[in-house]
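# Structure assessment
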Amino acid sequence: QSWVAPRRFASTMPSAYPRLLQPITLRGGAVLRNRALMGSMHTGLEEGEGWGHSLEKMGAFFAERARGGVGLMVTGGIAPNAAGRVAPFAATMASSSDARRHRTVTEMVHEVGGAKIAMQLLHAGRYAYQPSAVAPSAKKAPIGWFTPHALSSAQVEATIGDFAAAAALAQEAGYDGVEVMGSEGYLVNQFLVTRTNHRSDAWGGSFSNRMRLPVEIVRAVRGAVSADFILIFRLSMLDLVRDGSSWEEVVELAQAVEEAGATIINTGIGWHEARVPTIATSVPRGGFAWVTQKLKGQGLSIPLVATNRINTPEVAEAVLASGQADMVSMARPLLADPDFVNKAAAGTPQLINTCIACNQACLDHTFKMQRASCAISPYLPLPPHLSTRPASTT
């Protein structure tokens, strides 16, 4: 018999994880009930089902994690325009009809109460598996299929507008915030480094030019949404590829995106083409929290989020207690067990279905264009009681 997590806690016993479970008030006034963030991961639910591309299953997926106690959730990457799609027909947030479909997701989450949900805005750049891929320069990715078209200056400006419009539509759809994906080697990251940015115009050359795109995106997004709308910037703090960002550039960009209006800075580790393991079992638990800690000493006033291989409440609490970060991001651990936070709060961490970082049914399925599942969780992608259709009686 599976353990059923209590949904609200009134225990008088002191928590073993006081920092993990401590609320946090963000710039603009939004309050998160704890320091646990469910990081973005593509599940295969983002494109919806049927002719209407219904997002009921995506809504059910996130509603279950909201019941499980997490403070803030970030969806899988949604493109701000057609050129930014990871693959043909991948999800976008580019029209009022897109916003209306996503109302299903946000209403299901907010009906549960307690958790907030942000949409990740991701432009794939040269990582797009489609012939219309674009990038700062026409340089094919080693893991890509197509040589991208170099964006013109006018197209760069239009892309900034598309991010802002997508954020406004996300707020219209009921999301509590957005995350601008600026790491892992996607378009924004591609503009930042000489590895992929060979431009000689106002968007290339010096670092002040190369960082214009992320800063202008953050500024435009902040101008398009309300003050309490959460704006996360996913910052590549460690590229792990040749000709990536220097540490001085990472710090300069972090300070600039905070000034431009970011609410939270989330840590990004490694480009997808990097040869260094970043999320596999061989990576020590909390093995990259030191990078986030290094940035904390740079005068930033907004919360910083540590990520990668934080898969138990003990590791999460240690990262927070040591001052390495203000919040912790866990994606696959909440895929493996949606009740992760509730079980920690209830004092039953031994009952958590702990992610073993095997990547066999989550990432491997995604690369095969299949829905993400979990090798150690028998009810994924959705438990039977979360099916949006009545069970057959035959």
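What counts, and at which threshold
Residues numbered from 1 in each chain as written. Predicted model: local features only at pLDDT ≥ 70, side-chain atom pairs only at ≥ 80, totals over all residues. Heavy atoms only, no water. Helix = DSSP H or I, 4+ residues; strand = E, 2+ residues; numbered from the N terminus. Expected span 1.5 Å × (residues − 1). Buried < 20%, exposed > 50% of the residue type's maximum accessible area, 1.4 Å probe, protein only. Contact = heavy atoms within 4.5 Å. Pairing = 2+ DSSP bridges. Right-handed = clockwise from strand over helix to strand, strands pointing away. Axes fitted to C-alpha atoms, helices over the stretch in contact; angles between N-to-C directions.

Attention now goes to helix α6 (residues 212-224). Counted at 1.5 Å a residue, the expected span for α6 with its 13 residues is 18 Å, and the 18 Å between its end C-alpha atoms agrees. For α6, the complete set of buried residues consists of Leu 213, Pro 214, Val 215, Ile 217, Val 218, Val 221 and Arg 222. Close packing links the buried residues of α6 with α3 (153-172), β8 (177-182), α4 (187-192), α5 (207-210), β9 (230-238) and α7 (247-260).

It is worth spelling out the environment of Val 250 at this point. Along the chain, Val 250 turns up in helix α7. Since its relative accessible area comes to 3%, Val 250 is described here as buried. When residues no more than four places from it in sequence are discounted, the contact partners of Val 250 are Leu 235, Ser 236, Met 237 and Ser 245.

A few words now on the pairing of strand β4 (residues 72-78). Along β4, 7 of the 7 residues are buried, which leaves the element largely enclosed by surrounding structure. One ladder, built from 5 bridges, connects β4 with strand β5 (residues 116-121); its direction is parallel. By the bridge assignment for β5, Met 73 is matched with Ile 117. In this region the chain leaves β4, passes through helix α2 (residues 96-112) and returns to the parallel neighbour β5; the handedness of that crossover is right-handed.

For the rest of this paragraph, the subject is the sheet that holds β9. Pairing is parallel in the closed barrel, where 8 strands are placed in the order β3-β4-β5-β8-β9-β10-β11-β12. Averaged over all neighbouring strand pairs, the angle between strand axes comes to 30 degrees, with direction disregarded. With 6 bridges joining them, β9 and strand β10 (residues 264-269) adopt parallel strand pairing. Bridging across to β10, Ser 236 finds its partner in Gly 268.

Counted residue by residue, β8 has 6 buried out of 6 residues, so it is predominantly covered. Residues Gly 177, Glu 179 and Met 181 of β8 are buried on one face, and the alternating residues Val 178, Val 180 and Gly 182, pointing to the opposite face, are buried as well. Judged from the 4 bridges that link them, β5 and β8 form a sheet pairing that is parallel. Across the sheet, residue Gln 120 finds its bridge partner in β8, namely Glu 179. As paired elements, β8 and β9 share 6 bridges and run parallel to each other. Note on β9: the bridge partner recorded for Met 181 is Arg 234.

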